[in-house]
Amino acid sequence: MKNNPTHHYSLSQPLALLSGMNAEQFLAEYWQKKPLLIRQAIPGFSGLLSPDELAGLACESDVQSRLISHKKSGWKVENGPFDERRFAKLPPKDWTLLVQGVNHHLPEADQLLQQFRFVPHARLDDLMVSFAPDAGGVGAHFDSYDVFLLQGEGRRLWRISEQKDLALVEGVPLRILQNFQTEQEWVLEPGDMLYLPPHVAHWGIAVGACMTYSIGFRAPSAQELASEFLSFLQDKIKLTGMYADPDLPLQQHPAEIEQHMVQKVSNMLNAIRWEKEDIAEFIGRYLSEPKCHIVFDSPASVTLKVFRQRLAKKGIALSGKSQMLFHGNSFFLNGEQLSTLPAHHALWVELADDRQLASSRFTEELLNDAELIEQLLGWYQAGYVQFV
Ligand code: SIN
Ligand code: CO
């Protein structure tokens, strides 16, 4: 798959991934609306990593993971990173290990996400992978976000319900529905996939040991957007003038904040303005910002000459930890707005969309474009891009 990015497929092309629908039909009929079971969404898919490799990731300090176990006494949630000895002590059933952001660490996982490019990159959150021995799972719950649950190795029974009653059990360390009423259920085999819009109740139970790949989306709340936008605006606004009151009336109470003062401050604050372009810049910066636990790996230093040679030979890809977005001619990479030359825009659009530039893209002309190569080298040294 590596040198064959899922280039610009047309929206009208039917996709096995979407049960033979095209992306446009899926978006119109199912996205954020109703669940969809897709048998053999990815024929032959049996996973991208072994249970041991997943456990290995859960031991790393920059990986978010949870171990959830269920005993007669109730539910228990432990947060990673784990010591590998923890896994040796686990019982044969009734637990599950969940690892977030597997796409940050595994190039194949980042490539898998490219199959979901009919949803904007800015809406994508990450790939979570779970392992459970027989009967394991996280219980009946609902999520606030869209998710595609792709079955890897092994089988899982999924029960779902569009019930209105979303009351949660109190006093447990995870979200479990009080009254889950199964409406539909299926056993998913490797390569099968279940799409769930937000708030559809679901309960996945491992049938024998199994691994599930959750392609999860993000949707910021209005409150989060507002508070982040206000802090963005704080660095942008430049108001002139100072509070002035040559018309100061005599007050009876010197301690009183009179209407006169409130009106003046209100007039000053009414000068705060923002344009659609400010909002676009905010979204580009905010939605491309890495989560706070993410650490970019810096490579060994390399000379410009060697860098050029390797580009021509291997091509370059965004690191799984990077997010690159654009709006018009504004480009954003990992929370920063890039300064770009118009001549490079088509190339940056391609890198942002496909997350990689094949070696064949690096013609002699590009390789001799000093500005371009230096910009890429800067990103390489920051760990934002890596050789394919
Ligand atoms: C799992 O993989 O066990 C959990 C996925 C989910 O229910 O969201
Ligand atoms: Co869920």
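Residues numbered from 1 in each chain as written. Chains lettered and ligands numbered in written order. Predicted model: local features only at pLDDT ≥ 70, side-chain atom pairs only at ≥ 80, totals over all residues. Heavy atoms only, no water.

(A) Region of interest: the coordination of the cobalt ion (ligand 2). Around the cobalt ion (ligand 2), the protein supplies His141 (NE2), Asp143 (OD) and His202 (NE2) as donor atoms, at distances of 2.0 to 2.1 Å. Between consecutive donor residues of the cobalt ion (ligand 2), the sequence gaps follow H-x1-D-x58-H. With histidine 141 in the loop between strand S7 (124-132) and strand S8 (147-151) and histidine 202 in strand S12 (residues 201-207), the pair connects residues that are 61 residues apart, well separated along the chain. For the pair histidine 141 and histidine 202, one class covers both residues: buried. (Donors = N, O, S within 2.8 Å, 3.2 Å for Na, K, Ca; no water. Helix = DSSP H or I, 4+ residues; strand = E, 2+ residues; numbered from the N terminus. Buried < 20%, exposed > 50% of the residue type's maximum accessible area, 1.4 Å probe, protein only.)

(B) The arrangement of the layout of surface pockets in detail. The calculated volume of the largest pocket comes to roughly 910 Å³. Every element with two or more residues in the lining of the largest pocket is listed here: strand S4 (65-71), strand S6 (95-99), S7, S8, strand S9 (155-161), S12 and strand S13 (210-217). Taken together, the residues of the lining of the largest pocket sort by class into 15 nonpolar, 11 polar and 10 charged. (1 Å grid on protein atoms, 1.4 Å probe; cavity = no way out; pocket = protein on both sides within 12 Å on 5 of 7 lines; lining within 4 Å. Points joined across faces, edges and corners; volume = space filled by probe spheres on them. Nonpolar A, V, L, I, M, F, W, Y, C, P; charged D, E, K, R; others polar.)

(C) Spotlight on a nonpolar patch on the surface. Together, Tyr243, Ile257, Met261, Val262, Val265, Met268 and Leu269 make up an exposed nonpolar region whose accessible area comes to about 580 Å². Classification of methionine 268 as partly exposed rests on a relative accessible area of 33%. (Patch = residues over 30% accessible without salt bridge, like charges linked within 9 Å, V, L, I, M, F, W, Y side chains within 5 Å. Areas by Shrake-Rupley, 256 points an atom, 1.4 Å probe, with all protein chains shown as cover. Salt bridge = Lys/Arg side-chain N within 4 Å of Asp/Glu carboxyl O.)

(D) How the structure looks around the site of ligand 1. Lining the immediate environment of ligand 1, one finds Leu98, Met128, Ser130, Val138, His141, Asp143, Leu149, Arg156, Trp158, His202, Thr212 and Ser214. Here aspartate 143 contributes a side-chain N or O atom positioned 3.4 Å from an oxygen atom of ligand 1. In this structure, an oxygen atom belonging to ligand 1 sits 3.4 Å away from a side-chain N or O atom of arginine 156. When the free accessible area of ligand 1 is taken as 260 Å², the share hidden by the protein chains comes to 94%. (Near = heavy atom within 4 Å. Polar contact = N/O pair within 3.5 Å; in protein donor to acceptor, adjacent residues only side chain to side chain.)

(E) Fine view of the packing of helix H8 (residues 304-314) against helix H11 (residues 370-381). Closest axis-to-axis distance for the H8/H11 pair is 11 Å, and the angle between their directions is 95 degrees. By the criterion of interaxial angle, the relationship of H8 to H11 is roughly perpendicular. Contact with H8, carried on its side by Leu304, Phe307, Arg308, Arg310 and Leu311, involves Ile373, Glu374, Leu376, Leu377 and Tyr380 of H11 and no other residues of that element. Here the residues of the contact of H8 with H11 sort into seven nonpolar, no polar and three charged. (Axes fitted to C-alpha atoms, helices over the stretch in contact; angles between N-to-C directions. Parallel < 35°, antiparallel > 145°, perpendicular 65-115°, else oblique. Contact = heavy atoms within 4.5 Å.)

The values reported here are purely geometric and, on their own, carry no functional implication.
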